[in-house]
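Here is what each chain is made of, one letter per residue.
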4 protein chains.
Amino acid sequence: MIGGGQGAFIGAVHRHAAGLDGHYELVCGAFSRDADNNQQTADELSIASERAYGSWQMLIEEESKLPADQRVQVLAIVTPNHLHVEVAKAALAAGIHVFCEKPLAISLDEAKSLQPVLASQPVLLGLAHTYIGYPMVWQARHMIENGELGDIRKVFVEYPQGWLSSALEKDNKQASWRTDPSKSGGSGCMGDIGTHALNMAEFVTGDKVTKLCADMHTHVEGRRLDDDGAALLRFAGGASGVLIASQVCAGEENGLKVRVYGEKGSIEWFQMRPDSLLVRSVDAPMVTLRAGQGMPGLCDEALSRCRIPGGHPEGYLEAMGNLYTSFAKAVRGGQTGKADGVPGLVDGLRGMAFIETMLSSTGSEAKWTDFVDCA
Amino acid sequence: MIGGGQGAFIGAVHRHAAGLDGHYELVCGAFSRDADNNQQTADELSIASERAYGSWQMLIEEESKLPADQRVQVLAIVTPNHLHVEVAKAALAAGIHVFCEKPLAISLDEAKSLQPVLASQPVLLGLAHTYIGYPMVWQARHMIENGELGDIRKVFVEYPQGWLSSALEKDNKQASWRTDPSKSGGSGCMGDIGTHALNMAEFVTGDKVTKLCADMHTHVEGRRLDDDGAALLRFAGGASGVLIASQVCAGEENGLKVRVYGEKGSIEWFQMRPDSLLVRSVDAPMVTLRAGQGMPGLCDEALSRCRIPGGHPEGYLEAMGNLYTSFAKAVRGGQTGKADGVPGLVDGLRGMAFIETMLSSTGSEAKWTDFVDCA
Amino acid sequence: MIGGGQGAFIGAVHRHAAGLDGHYELVCGAFSRDADNNQQTADELSIASERAYGSWQMLIEEESKLPADQRVQVLAIVTPNHLHVEVAKAALAAGIHVFCEKPLAISLDEAKSLQPVLASQPVLLGLAHTYIGYPMVWQARHMIENGELGDIRKVFVEYPQGWLSSALEKDNKQASWRTDPSKSGGSGCMGDIGTHALNMAEFVTGDKVTKLCADMHTHVEGRRLDDDGAALLRFAGGASGVLIASQVCAGEENGLKVRVYGEKGSIEWFQMRPDSLLVRSVDAPMVTLRAGQGMPGLCDEALSRCRIPGGHPEGYLEAMGNLYTSFAKAVRGGQTGKADGVPGLVDGLRGMAFIETMLSSTGSEAKWTDFVDCA
Amino acid sequence: MIGGGQGAFIGAVHRHAAGLDGHYELVCGAFSRDADNNQQTADELSIASERAYGSWQMLIEEESKLPADQRVQVLAIVTPNHLHVEVAKAALAAGIHVFCEKPLAISLDEAKSLQPVLASQPVLLGLAHTYIGYPMVWQARHMIENGELGDIRKVFVEYPQGWLSSALEKDNKQASWRTDPSKSGGSGCMGDIGTHALNMAEFVTGDKVTKLCADMHTHVEGRRLDDDGAALLRFAGGASGVLIASQVCAGEENGLKVRVYGEKGSIEWFQMRPDSLLVRSVDAPMVTLRAGQGMPGLCDEALSRCRIPGGHPEGYLEAMGNLYTSFAKAVRGGQTGKADGVPGLVDGLRGMAFIETMLSSTGSEAKWTDFVDCA
């Protein structure tokens, strides 16, 4: 693991998730540039002191010298955004699989620089679009792919959070780097959660946004990046929709919700009640599909992502655990490039293109803007 | 009552609502151009046969001849849109108060033609923006006016319905006139429910939309008017937001929802659970305010619109009943122009201006468009 | 109307409900023994002063003298319990139909005294078990009767309220008579809401409780009647269950809920979201049936009790309005004894028998007790 | 781990939960008496083959021979009930800490036989009353202990499941042993989930049931143990209540719910939405406390059991993970007997006493029965 020292947020989340199914053992890390923090984190995690490295460069260098059966196999990158590509490139080049936080980079160009190295090595790059790990998201995708909703007409995806309603960046490490363009990239809110919303909309529909018309805002005085925005969307398959992502929705927790409406019916999924998928129809009562082993009406992709019977809630860590487990299977199965069931480089590129398209579109003369090419 | 014969929808709704609090007696009507329908409706409603008129013109003419204490006092207009202004104008000119279905007209210009007659007579014009009749909508407005949320930043209003997902207009009277430009005006969905969404957003915030960027669609083949749309919004007070109104959200019933986020907190109200108002805060747990006589935390405007104690649900008819009761009080109190607590001409003009602004803005070159002047 | 003067609760509820569908006109009343209150109530309700009677006896006497086409047809009795039978008996004997609040009497014996008069006159007796007026309660009954759940195994009915958590009877008129044995009868909570719970359980299942084992309590110091209780239940058809009724569940509003489990599936209905019926199954996902005109999956009994399309909530007043409308149809149709679709004498007798059975069963030596004979 | 081979249910759950926080490494096991199953399970779990033991006896014997720093420290017992005590006794005697599934034994007497061995060794015994691991359960307990609800009057605990609605025991391993008296003990449903319900009621209130009046049933033909039951409850502190536990509530998943009503307010917690605690009050609107790091209004006991910020759902595995983590801390801290924050022997004895009290009380002559002494 690179990053994830004391005071960090997402590193511990990755460790919980990776531990869930027994596929991973944490063997080494460069958790913090602060030597004390790094050492204390390593101690807490029972990492052998010789494998608690002072920098990510040292980690890659030293681990590469170890025999193949002792060497780290998968590197989790949980640093702020500006280090993602640099670290990932070095790790991939050294033959180490990478599971990286999103957004993938601080710019689309930077992200694209991962393409050659990923193509040239027998390695995998996974991206922590965690919400894609929920079973009911796969169920939704399955039903849409299967034509159960008919042709898709409308896609509404929203992601309201409230934690940046005030100038939290003055005191809070998480808020600080997320609102610092040098560490976060050209967007705050769109990079942090707008990319999740886009990824969800495209994953569930199996479709791509082709153009959008954006309206981004910065509400908190002195903040250097956007903390809020929305966009009208058009999809390749003919659907239209709306994307909302905001971090100044006071009092909201983590309200990612996606709704997809087709000719015949619709689905609704809400991250804060992730084990339910609402299925509506033009001519039949609403059905609530429920996650869980053995639950009726679920497709294999959903069932295989449930560990326990219905009524025993699984949540966010289990969703990320599903990504980690799919990634482990891909490693063992010798897959390269992209791991089945795990967002990868293409998703990362689309996320960066989304940020750039939003930034181009928004403004006092907002206009429909073609989605930036990222193939 | 003008309109509301057999096969109509909203006429019966008005009769239920008006009956709820005992302020109205239905004494005369011109329910249908079809003489049989008109007569049967009158019989069902126990209207004296001499006051079941063959046309709205006859109704106004004959009723005007009656002594003041026998004459109809309030005329409910529940016809398709294209008759609203013509009938209203004649009734108001004859000194009869008018309670009219929305949207007010088939164009802004037509709506404006009501201004002189309303100004010149001691009469009232009320508009059936029924959702404004719910107690918790008044509670939300009160809290925002009172500064409990701080400065308003975001307003999300959505109104998904699914009943026009297919070409229902072939067989269904309601669908037929609503998709016929000659009866409905220049817009289908925006006129029918978009105006409700706008009205709700402006009522609750006490603010006005100043510009918007729209995306309207017609999904069902052969349909002559829009059945779906969305817009990015900007408000005079500095807030921004999103409005969604669609009648092709397959499986949705009548999902009007409004969310308003300020610096300090937020409110959420959903028409399908109208007796709850969710109040969130940046630094305190969520509170659920509940409608009902004697319920804690409610303002007078909300309490006065509750008939029974909390836990005994009141719904849509009670909301419309609240408008009718406020209108009755205004009549008795000798108010003129606009009745306290009831949407009126200004709301009607804004609704028409909204439709025209949306139509101007939408298109392949959608752009931010200033809200059409309607003062 | 007898009772329902200023300061009363349920009288106004009856007036709203009776006004909803246009079948009733309030023509006379004896609203209060207090002459001022009586007169003011009559004035508010626009009752002709000669028909605002000083006592219920006068009302019956004077109205009986009027020609048949002017005389009151239906008397609503909304007094405290101890007057129900006395007034009802006199009205029925005078040929006036009676729609009476529940519980029917202050004792089973008193209630039985209504049998001969009801049998001897061409009159109807209706009882305000209002919750039976909800469409989805009829839907539940229909499905169970139809065998859709298979043989019934478990019935859970609960009715938590919190309004009597403190000694409210000191200041509150409603609380005062409800906790006064001379006005309320032998039970407080079981009479007031336990009877609703029993009625719901028996109505929905179409089955009868044959024995029960009770535990009743009085929690508030100085209170003279029970304010809380529960019972284990056995039904004639082989099911067992639990009934809970309490008025000291601090913070609860009016939480009547019924759940019925059969071999194949189950239903759940909750009065505070009355337009949804949850239908679960052993081998299929949960279905949510929704009230409303034209909603899929509803039986005729449910549909005929919906005034407006799905998504436009109807509530408690509409439920009572359904009883009033069924009662009006029965009057017009010349039914006698019991009105179709409206609880009647048999329900009232069972309610009184329930109270007496509960009182027999509870105590430090609580035991299974056969349901008191009330045929 | 003892038990938990292929085809078992709860073993894998324990492994997920123990892996979550990184405090455990699975080093040895006797997963199944079937040698193939045992070996395959060990292989899947990457257990060294010499530590995949053919029997629990061998495991304890062989592990005891290893040096202290290599020997197993904590044994998870996830077998059917009849082996719990025998295995636990041997392990505890060998100085190995035990984390055991519930119920603790097949009889109270058998359970009591653990007392001397636990008292005589520096070891810990933990019991998997998993629901006690949820943060909001600790929040509820804290508020009640703190007097925030006032004196407690009513406790309703219910646990409806539907999975045993049919004779599943013919084909299903889980259902088979749970309905077999020789493996499950004297009760099916009460042992399996009734004990959870009792434990929850007593944990949250900090009070003890002193007497109860039960009604147990077996609904499925040929089933050898109860599959359903309910009881009226009395608590030492003066409260009364109702307990429902059933496995024939067709269509229910895992609906453990607890509600506690005091003089001033009440709490409601539902296992299927475990991150919310509803807090009601006699004189203030309902508040929804939410689990999550940094969420407002939470006590330390709740906060310390949250891994991630509010809005990122944690579920059942996290709840069990909390028990495992508390147990690990107790091991490291040198606690003996009972681990802080983890149910232990006393809870196990109360569970067994509950089963025996229920069995004594139920029957055609059901009666209030004193809770069996288990001190």
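For every chain, the first residue of the written sequence is number 1, and numbering continues from 1 along that sequence. Lettering of chains starts at A and numbering of ligands starts at 1, both following the order in which they are written. Local features in this predicted model are restricted to residues of pLDDT 70 or higher, and side-chain atom pairs are both shown and tallied only at a pLDDT of 80 or more, whereas totals for entire chains, interfaces and linings draw on every residue. As a rule here, side-chain values cover all heavy atoms of the structure and leave hydrogens and water aside.

A word on the relation of the copies chain C and chain D. When the copies are overlaid, the least-squares fit takes in C-alpha atoms only where the residue has pLDDT of at least 70 in both copies. For the match of chain C to chain D, the screw axis carries a shift of 0.0 Å, the RMSD comes to 0.0 Å, and the turn is 180 degrees. Such a combination of rotation and displacement between the chain copies is what one expects of a two-fold axis. In terms of proximity to the rotation axis, the leading residue of chain C is Lys367 of chain C, whose C-alpha is 2.8 Å off the axis. A share of 100% of the interface residues of chain C reappears at the interface of chain D, consistent with the copies meeting face to face through the same patch. By the convention used here, residues are in contact when the closest approach between their heavy atoms is within 4.5 Å.

UniProt positions are given in the numbering used here, feature names are shortened, and annotations may be inferred rather than shown by experiment. As annotated in UniProt, the feature "domain: Gfo/Idh/MocA-like oxidoreductase N-terminal" (unreviewed entry) corresponds to residues 8-127 of chain A in the numbering used here. A run of H or I in DSSP counts as a helix once it spans at least four residues, and a run of E counts as a strand once it spans at least two, with each numbered from the N terminus. Overall, residues 8-127 of chain A shows 43% helix and 9% strand. The separation of its end C-alpha atoms is 18 Å.

All names here are of chain A. Note that the domain bounds were set by an automatic or database domain assignment. Domains assigned within chain A are domain 1 (10-130) and domain 2 (134-312 + 349-361). Taking only C-alpha atoms, the centre of domain 1 and the centre of domain 2 are 27 Å apart. Opposite the 18 residues of domain 1 that make contact, domain 2 presents 17 residues. For any pair of parts, buried area is found by adding up, for both, the accessible area (1.4 Å probe) each one loses once the two are put together. Both sides of the domain 1 and domain 2 interface together cover about 1500 Å² of buried area, and 58% of this is carbon and sulfur.

Turning our attention to the sheet that holds strand S2 (residues 97-100) of chain A. Residue and element names in this part refer to chain A. DSSP calls a pair of strands paired once it identifies at least 2 bridges connecting them. Read across the sheet, three strands follow the order S1-S2-S3 without closing on themselves; strand pairing throughout is parallel. Each end of this open sheet is capped by a strand with a single partner; those strands are strand S1 (74-77) and strand S3 (125-127). Each adjacent strand pair in this sheet contributes to an overall mean axis angle of 15 degrees, direction not counted. Pairing of S2 with S3, which is carried by three bridges, proceeds in the parallel orientation. Each axis is a line fitted through C-alpha atoms, and for a helix only the stretch in contact is used; angles between axes span 0 to 180 degrees, taken between their N-to-C directions.

Two rings from Phe, Tyr or Trp (for Trp, the six-membered ring) form a pair when their centres sit within 6.5 Å of each other. Planes less than 30 degrees apart are called stacked, planes more than 60 degrees apart edge-to-face, and all others tilted. Counted by the stated rule, this structure contains 36 aromatic pairs over all chains. A ring pair is formed by Tyr134 of chain C and Trp269 of chain C, whose centres lie 5.2 Å apart and whose planes are at 55 degrees; its orientation type is tilted. Placement of the pair is Tyr134 of chain C in the loop between strand S3 (125-127) and helix H7 (135-145) and Trp269 of chain C in strand S9 (residues 265-270), with a sequence separation of 135 residues. By relative accessible area, which is 1% here, Tyr134 of chain C ends up buried. Remark: exposure states derive from per-residue accessible area (1.4 Å probe, protein chains only) relative to the maximum for the residue type, with buried under 20%, exposed over 50%, and partly exposed in between. Relative accessible area serves as the criterion here: at 0%, Trp269 of chain C is assigned to the buried category. Plain terms: the ring middles of Tyr131 of chain D and Tyr134 of chain D are 6.5 Å apart, the flat faces sit at 15 degrees to each other, and that makes the pair stacked.

With 45 residues of chain C at the contact, the number on the chain D side is 45 residues. Each partner contributes to the roughly 3200 Å² buried at the junction of chain C and chain D, and carbon and sulfur atoms together form 55% of this total. In terms of surface lost to chain D, no three residues of chain C exceed Arg153, Leu232 and Ala250 of chain C, which account for 18% of the buried area on that side. Within this document, salt bridges are pairs made up of a side-chain nitrogen of Lys or Arg and a carboxyl oxygen of Asp or Glu, the two lying within 4 Å of each other. The interface formed by chain C and chain D contains eight salt bridges. Residue Arg280 of chain C pairs with Glu252 of chain D through a salt bridge whose shortest N-O separation is 3.6 Å. Two N or O atoms count as a polar contact when they lie within 3.5 Å, although within protein this holds only if one can serve as hydrogen donor and the other as acceptor, and sequence-adjacent residues are included solely when both atoms are side-chain atoms. At the boundary of chain C with chain D, the tally comes to 14 residue pairs in polar contact (both at pLDDT 80 or more). The set of elements that each furnish at least two residues to the side of chain C that touches chain D consists of strand S4 (152-160), strand S5 (209-217), strand S6 (228-235), strand S7 (240-246), strand S8 (257-262), S9 and strand S10 (276-281) of chain C. The greatest single-element share of the side of chain C that touches chain D, amounting to six residues, is contributed by S6 of chain C. Residue type decides the class: Asp, Glu, Lys and Arg count as charged, Ala, Val, Leu, Ile, Met, Phe, Trp, Tyr, Cys and Pro as nonpolar, and the leftover types, Gly among them, as polar. Residue classes in the side of chain C that touches chain D are distributed as 18 nonpolar, eleven polar and 16 charged.

Attention now goes to the packing of helix H10 (residues 189-205) of chain D against helix H13 (residues 345-361) of chain D. All names here are of chain D. Remark: H10 packs on H13, axes separated minimally by 9 Å, with the N-to-C direction vectors making an angle of 115 degrees. The interaxial crossing formed by H10 with H13 has right-handed handedness. Here Met190, Gly191, Gly194, Thr195, Leu198, Asn199 and Glu202 of H10 come into contact with H13, specifically with Asp347, Arg350, Gly351, Phe354, Ile355 and Met358. Taken together, the residues of the contact of H10 with H13 sort by class into five nonpolar, five polar and three charged. By definition, turning the near helix anticlockwise from the far helix through less than a right angle yields a left-handed crossing, and turning it clockwise yields a right-handed one.

Turning to the environment of Tyr316 of chain C, a few remarks are in order. Tracing the backbone through its elements, the reader meets Tyr316 of chain C in helix H12 (residues 316-332). C-alpha separation for the pair Tyr316 of chain C and Met272 of chain C, spaced 44 residues apart in sequence, amounts to 9.1 Å. Among residues more than four places away in sequence, those in contact with Tyr316 of chain C are Ile308, His312 and Pro313 of chain B together with Ile10, Val13, Thr130, Tyr131, Tyr134 and Gln271 of chain C.

Quick look at the UniProt feature "domain: GFO/IDH/MocA-like oxidoreductase" (unreviewed entry) in chain A now. The sites that carry the UniProt feature "domain: GFO/IDH/MocA-like oxidoreductase" (unreviewed entry) are, in the present numbering, residues 139-268 of chain A. With 26% helix and 33% strand, the stretch residues 139-268 of chain A has end C-alpha atoms that lie 11 Å from each other.

On to the sheet that holds strand S1 (residues 74-77) of chain B. Residues and elements named next belong to chain B. Across the sheet, three strands lie side by side as S1-S2-S3; this open sheet has parallel pairing. Only two strands of the sheet have a single partner each, and these edge strands are S1 and strand S3 (125-127). For this sheet, the mean inter-axis angle between neighbouring strands, taken without regard to orientation, is 15 degrees.

With omega at -10 degrees, the peptide bond leading from Lys102 of chain B into Pro103 of chain B counts as cis. Positionally, Pro103 of chain B belongs in the loop between strand S2 (97-100) and helix H5 (108-112). Phi angles above zero are rare outside glycine, and Ser46 of chain D is one such case at about 55 degrees. Within the fold, Ser46 of chain D resides in the loop between helix H2 (35-44) and helix H3 (56-65).

Moving on, we get to the interface of chain A and chain D. Contacts between the two partners involve 29 residues from chain A and, on the opposite side, 29 residues from chain D. Surface buried jointly by chain A and chain D totals about 2300 Å² across both partners, of which 60% is contributed by carbon and sulfur atoms. Its largest share of buried area at the contact with chain D, chain A owes to His16, Glu253 and Pro313 of chain A, together 23% of the area lost on that side. Between Glu253 of chain D and Arg290 of chain A there is a salt bridge, and its shortest N-O distance comes to 2.8 Å. The tally of links from chain A across to chain D stands at 14 residue pairs in polar contact (both at pLDDT 80 or more). At the level of secondary structure, the elements contributing two or more residues to the side of chain A that touches chain D comprise helix H1 (10-19) and helix H12 (316-332) of chain A. If you tally residues by element for the side of chain A that touches chain D, the top one is H1 of chain A, at four residues. Grouping the constituent residues of the side of chain A that touches chain D by class yields 13 nonpolar, eight polar and eight charged.

Attention now goes to helix H12 (residues 316-332) of chain B. All names here are of chain B. For a helix, the expected span equals 1.5 Å multiplied by the residue count minus one. With 17 residues, H12 should cover 24 Å at 1.5 Å per step; its first-to-last C-alpha distance of 24 Å lies within 8% of that length. Among the 17 residues in H12, 15 count as buried, and that is most of the element. A positive phi of about 75 degrees marks Gly334, the residue just after H12.

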